[in-house]
Amino acid sequence: MAFSKILVANRGEIAVRVMKTAKAMGYQTVAVYSDADRYARHVQLADEAVYIGASKVSASYLSIQNIIDACKKTGADAVHPGYGFLSENTDFAAVCEKNGITFIGPPAPAIELMGSKRLSKIAMIQAGVPCVPGYEGDQQDIEYLEQQANKIGYPLMVKASAGGGGRGMRLVQQSADVVEALKTARSEAENAFGSGELILEKAVIAPRHVEIQVFGDTHGNYVYLFERDCSIQRRHQKVVEEAPCPVMTESLRQQMGEAAVAAAKSCDYVGAGTVEFLLDQSGEFYFLEMNTRLQVEHPVTELITGLDLVEWQLRVANGETLPLQQSELTLSGHAIEVRLYAEDPRQDFLPQTGQIQRWQAADLPNVRIDHGLLQQDEISPFYDPMVAKVIAYGQTRQDAIRLLARAVDDCVLLGVNSNKQFLVNLLRHPIIVKGDTNTAFIQEHFQTDASLHKQALGLEHLAVAAALLTNASSQSSWNTGIALSLPLKLKHDDQLLQLLVKRDQNQVSVEICGQTLGISIIEQQAEKFIYEVDGVRRSIDYVLDGNQLYLDAVNGNISIENITYAAPETSDVAGDGHIRAPMDGAIINILVNAGDTVTKGQTLLILEAMKIQQQIKSDVDGVVNEIIGQVGQQVKKRQLVLNIQA
């Protein structure tokens, strides 16, 4: 059971995170990488690294054989799976054991049981863990499920038994909608998880999502390391995670903790696990599922307990007893985490791909940033778009949330759009600050936030752009010594802006649509611009790449192109029937044939990137005259995939 070299079967921030603790404990580390990750940070941090295949996850990070081969090549006698990928794969855990490799996680039977919502719920009912009333039987035909749904009553949740991340899940408000919901949930589940098995549960409306961190060792010891509140969610995906839960009492904490330990004991659990519960407004709680791995949000538990959960994982996997007993565990202060994603909240959180022009993590006391990025990295379409986790600790919840908003605001990610402004605005929302939240918060209270909608550039940012772009220009007209008003043409978000710019040494003024604003340049550094406007001095982070300017401003990444001297555009205009990919990705379905008549807004094909599916719609009424893309093909952003004769 003792091991000396750990292969981390993952990538990105979690691979980096695991390696840091492994190295600190004296273990040798091995990274694995795909084509897309050849120069990644986790590869550079490891003692050794092994190439395991093409960028597509099925050819690399999900290839059990390739990872086992990498262990054999390097002599790695233990594997840490991180989260995602193979972390909850029963076959992988079993194959590691068969090859004499320690799997740093629970035994395969526990993973298998908890991987089925249906079977795990039956086991939890038997173990006396509170569960939501519903149907978890093995009779699975649609008619029978409809009968059971009508017995349970509405509102009702239909869930894929093997599911996660909101896929294969439907909320049904009335009996008339249940058959359609069952069919679509089953189809989605079969496509996503290879199993169409469903369970039904009475919907708990506007609950809190509270999870308990548990640990077990091979000597029969179990503890719970308190709770995390993950109630603020978007489409069943966690957005804000915190510990402790704002409404937790000592009595409720003990009840939920003991229920979580009972769940772990019932399946002879070993290592780190998380038991997730729904907590309703009356204080009743119900088992939701158990995640048999380290959670994305484990840092908040580490900050309030002062413990290293990866260290605990390694000790337990090495046959040691748990470092502390329940009575020795204490919590102190408050910690909150958010996930910084390369996605555009203004386009329904569309994943972003492309070159990072600049990445700078916030540098503040009591702030932890877990990331796997190097400067000039590329965000590829093959993996989850999370780029960093930002976590803040404070003596009180108010301290932690205020500091976290500041920390996210201080992070600089230029070159790709991100959810930075969405997170900052969310963390500063009065209801969030108060802590009075539930899983429906974003849907009910945040849909009108500015970060979710396209925003026009203000005069101040246009003046900054003009100052930076005209300073970089070699055109002699800016340096005549006479303050002339000269035209500047800019392109931002497919919007053309025509400005008149007057520049006199360190004074720059812009005029657009009859409005004028002037700024004074105080200092221009390589990546920071300091200026004064209306008597107030400010600074802004930027990257200038030829005629392309990136500003850390609205939504964290404004991209502005100077097209003053560019040749007139000859590219296709919107609504021309030339259908292009909105992002890098793979075509997974084509819904039309050549010769079909289509209408504007009709879905033509489905593109997938970073586990998210995007419907590509027609921009005109017309006839499909050419299909250029094909199912399975990887396409680049703006690549032509289909032509329609308007």
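Residues numbered from 1 in each chain as written. Predicted model: local features only at pLDDT ≥ 70, side-chain atom pairs only at ≥ 80, totals over all residues. Heavy atoms only, no water.

Caption draft 1: Here's a closer look at the nonpolar core. I6, V214, F215 and F277 are the most contacted members of the largest nonpolar core, which has 61 residues in total. Looking at which element gives the most residues to this core, the answer is helix α9 (residues 250-266), with seven residues. Counting residues in hydrophobic clusters, the runner-up holds 39 residues, among them I369, V387, V408 and F446. (Core = buried A, V, L, I, M, F, W, Y, C linked by side-chain atoms within 4.5 Å. Buried < 20%, exposed > 50% of the residue type's maximum accessible area, 1.4 Å probe, protein only. Helix = DSSP H or I, 4+ residues; strand = E, 2+ residues; numbered from the N terminus.)

Caption draft 2: Examining helix α7 (residues 142-152) more closely. Taken together, the buried positions of α7 are occupied by L145, Q148, A149 and I152. Across the axial projection of α7, the buried residues extend over an arc of 105°, all falling on one side. Facing away from the buried side of α7, by more than 90 degrees, are the exposed residues E143 and K151. Taken together, the buried residues of α7 touch β6 (134-135), β7 (156-160), α8 (178-193) and β9 (198-202). A positive phi of about 100° marks G153, the residue just after α7. (Arc of directions from axis to C-beta. Contact = heavy atoms within 4.5 Å.)

Caption draft 3: Seen up close, the side chain of K5. Relative to the helices and strands, K5 resides in strand β1 (residues 5-8). A polar atom in the side chain of K5 sits 2.7 Å from the backbone oxygen of T74. (Polar contact = N/O pair within 3.5 Å; in protein donor to acceptor, adjacent residues only side chain to side chain.)

Caption draft 4: Main features of the sheet that holds strand β39 (residues 640-645). Pairing is antiparallel in the open sheet, where four strands are placed in the order β32-β39-β37-β34. Either end of the sheet is taken by a strand with one partner, and the two such strands are β32 (578-580) and β34 (597-598). In this sheet, β39 lies alongside strand β37 (residues 622-627) in antiparallel orientation, the contact comprising four bridges. Within β39, the position partnered with I627 by the bridge is L642. (Pairing = 2+ DSSP bridges.)

Caption draft 5: Highlighting the sheet that holds strand β3 (residues 48-53). The strand order across the open sheet built from five strands is β3-β2-β1-β4-β5, with neighbouring strands paired in parallel fashion. The open sheet has two edge strands, β3 and β5 (102-103), and neither has a second partner. For β1 and strand β4 (residues 78-80), the ladder comprises three bridges, and the chain directions are parallel. Looking at β4, one finds that I6 is bridged to A78.

Caption draft 6: Spotlight on the packing of aromatic side chains. One pass over the full model with this rule turns up 14 aromatic pairs. An angle of 90° between the planes, with centres 6.3 Å apart, marks the rings of Y224 and F226 as edge-to-face. Taking 5.3 Å as the distance between ring centres and 85° as the angle between the ring planes, the aromatic pair formed by F277 and F285 counts as edge-to-face. The pair F277 / F285 is uniform in exposure class, with both members buried. Linked through ring pairs, Y61, F85, F382 and Y383 together constitute an aromatic cluster. The side chain of R38 reaches across the aromatic face of Y51, ending 5.0 Å from its centre. The ring of F349 carries R234 above its face, with NZ or CZ at 3.6 Å from the centroid. (Phe/Tyr/Trp six-rings, centres within 6.5 Å; stacked < 30°, edge-to-face > 60°. Lys NZ or Arg CZ within 6 Å of the ring centre and 35° of its normal.)

Caption draft 7: Main features of the environment of L604. With respect to the helices and strands, L604 occurs in strand β35 (residues 603-609). Along the backbone, L604 and A264 are 340 residues apart, and their C-alpha atoms lie at a distance of 47 Å.

Caption draft 8: Looking closely at the environment of H461. With respect to the helices and strands, the residue H461 is situated in helix α16 (residues 459-472). In this structure the C-alpha to C-alpha distance between H461 and L517, which are 56 residues apart in sequence, comes to 10 Å. Setting aside residues up to four positions removed in sequence, H461 forms contacts with I540, L551, A553, V554 and I558.

Caption draft 9: Representation of helix α13 (residues 420-427) in the model. α13 sits mainly inside the fold: seven of its eight residues count as buried. Close packing links the buried residues of α13 with β11 (222-234), β12 (237-243), β15 (334-341), α12 (397-410), α14 (430-434) and α15 (441-445).

Caption draft 10: Expanded view of the pattern of salt bridges. In the structure shown here, the tally under the stated rule is 38 salt bridges. Note that D308 is salt-bridged to R17, the shortest N-O span being 2.8 Å. Taken as a pair, D308 in the loop between α10 (298-305) and α11 (309-317) and R17 in helix α1 (residues 12-24) lie far apart in primary sequence, 291 residues in all. The class for D308 is partly exposed, based on a relative accessible area of 22%. Residues D370 and R368 are paired through a salt bridge, measuring 2.9 Å at the closest nitrogen-oxygen approach. (Salt bridge = Lys/Arg side-chain N within 4 Å of Asp/Glu carboxyl O.)

Caption draft 11: Fine view of unusual backbone geometry. Cis geometry marks the peptide bond from Y154 to P155; its omega dihedral reads 0°. Tracing the chain through its elements places P155 in the loop between α7 and β7. At F349, a residue that is not glycine, the phi angle is positive and equals roughly 60°. The topology assignment puts F349 in the loop between β16 (343-344) and β17 (350-351). Located in the positive-phi region is C513, a residue other than glycine, with phi close to 50°. In this fold, C513 is placed in the loop between β26 (507-512) and β27 (515-524).

Caption draft 12: Just empty space enclosed by the protein, in detail. Counted under the stated rule, the structure contains one cavity of 30 Å³ or more. H80, P81, G82, S87, I104, G105, P106, A272, T292, R293, L294 and Q313 are the residues that line the largest cavity. Its residues assigned to classes, the lining of the largest cavity shows five nonpolar, six polar and one charged. (1 Å grid on protein atoms, 1.4 Å probe; cavity = no way out; pocket = protein on both sides within 12 Å on 5 of 7 lines; lining within 4 Å. Points joined across faces, edges and corners; volume = space filled by probe spheres on them. Nonpolar A, V, L, I, M, F, W, Y, C, P; charged D, E, K, R; others polar.)

Caption draft 13: Local environment of the packing of α12 against α13. It is at 9 Å that the axes of α12 and α13 come closest, and there the two elements cross at 160°. Considered as vectors, α12 and α13 are oriented roughly antiparallel to each other. The hand of the α12/α13 crossing is left-handed. The residues of α13 that touch α12, namely those facing I401, L404, A405, V408 and D409, are K420, L423, V424 and L427. Split into classes, the residues belonging to the contact of α12 with α13 amount to seven nonpolar, no polar and two charged. (Axes fitted to C-alpha atoms, helices over the stretch in contact; angles between N-to-C directions. Parallel < 35°, antiparallel > 145°, perpendicular 65-115°, else oblique. Left-handed = near helix turned anticlockwise from the far one by under 90°.)

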